[in-house]
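# A look at the structure
If you want the building blocks of each chain, they are given just below.
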Amino acid sequence: MSLTIAFDLDGTLIDSVPQIADCVNRALADRGIAPLARNTVQGFVGRGLPALVRQVAEARQLPEAAQDPLHDRILALYTEVDTPPSALYPGVRAALGVLKDQGHSLAICTNKPYEATLKCLADTGLALDFDRVIGGDSLPTRKPDPAMLHAALDGAARALYVGDSETDAETADAAQVPFLLFTEGYRKSPIEDLPHKATFSDFTILPQLVNDLS
């Protein structure tokens, strides 16, 4: 039986930290501020751009007044930076194709800004795979508020959410939607600490895992 399956983006379908860190460090360089290490920026990913900017400002001890200009510059860079197809995790493209062929409806539910999400999907050749895209500024709230996931699933009676992080697990739990955890993304906590229906580390097994759960 077909499902509606929503996917997180950063750390789930795409290893986007190199592009995110580049945008952050270019914005800092514009202000003569030292760059942050890539793994430091990775730790800031997941709660949306405003949260990332707050953490960047704290890491570089920037005044609160600097946060809005920094946010706007990073947002502008987000919509300009190219995401190479090689940023896709192995097996993503084929797995999405199989799920579509099996009749499942696919959606994106990400805290990444909407326009940046659309560019990222276009750059990596995934734009046509998804029936709905909900970005971090599509609604007044962001994950882990469940409203974003509900919007992405569009009222589907049978649904799954696929993500990689604490934020994704919390969102699925709040929305009462079964959660599949991709273990190779940006998660910080032990797997057992996150509520989930199943885990996977290889996208080639995702279609069968979905079928087993449906």
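This structure is a prediction, so every number in the text was calculated from the model and none was measured.

## Comments concerning helix α5 (residues 92–101)
- Listed as buried for α5 are V92, A95, L96 and L99. One side of α5 carries all its buried residues, which in axial view fall inside an arc of 100°. In α5, those exposed residues whose orientation departs by more than 90 degrees from the buried face are A94 and D101.
- Turning to α5, the residues buried within the fold contact β1 (4–7), β2 (105–109) and α9 (206–213).

## Some thoughts on the nonpolar core
- In this structure, F7, L13, L52, I74, F130 and F203 are the most contacted members of the largest nonpolar core, which totals 55 residues.
- Counting residues per element, this core draws most heavily on helix α1 (residues 17–30), at seven residues.
- Setting aside residues up to four positions removed in sequence, L13 forms contacts with F7, D8, A87, L88, Y89, V92, I108, L126, F130 and F203.
- Formed by 17 residues, the second largest nonpolar core is a distinct cluster that contains C109, L149, A152 and A172.

Rules and cut-offs
Residues numbered from 1 in each chain as written. Predicted model: local features only at pLDDT ≥ 70, side-chain atom pairs only at ≥ 80, totals over all residues. Heavy atoms only, no water. Buried < 20%, exposed > 50% of the residue type's maximum accessible area, 1.4 Å probe, protein only. Helix = DSSP H or I, 4+ residues; strand = E, 2+ residues; numbered from the N terminus. Arc of directions from axis to C-beta. Contact = heavy atoms within 4.5 Å. Core = buried A, V, L, I, M, F, W, Y, C linked by side-chain atoms within 4.5 Å.

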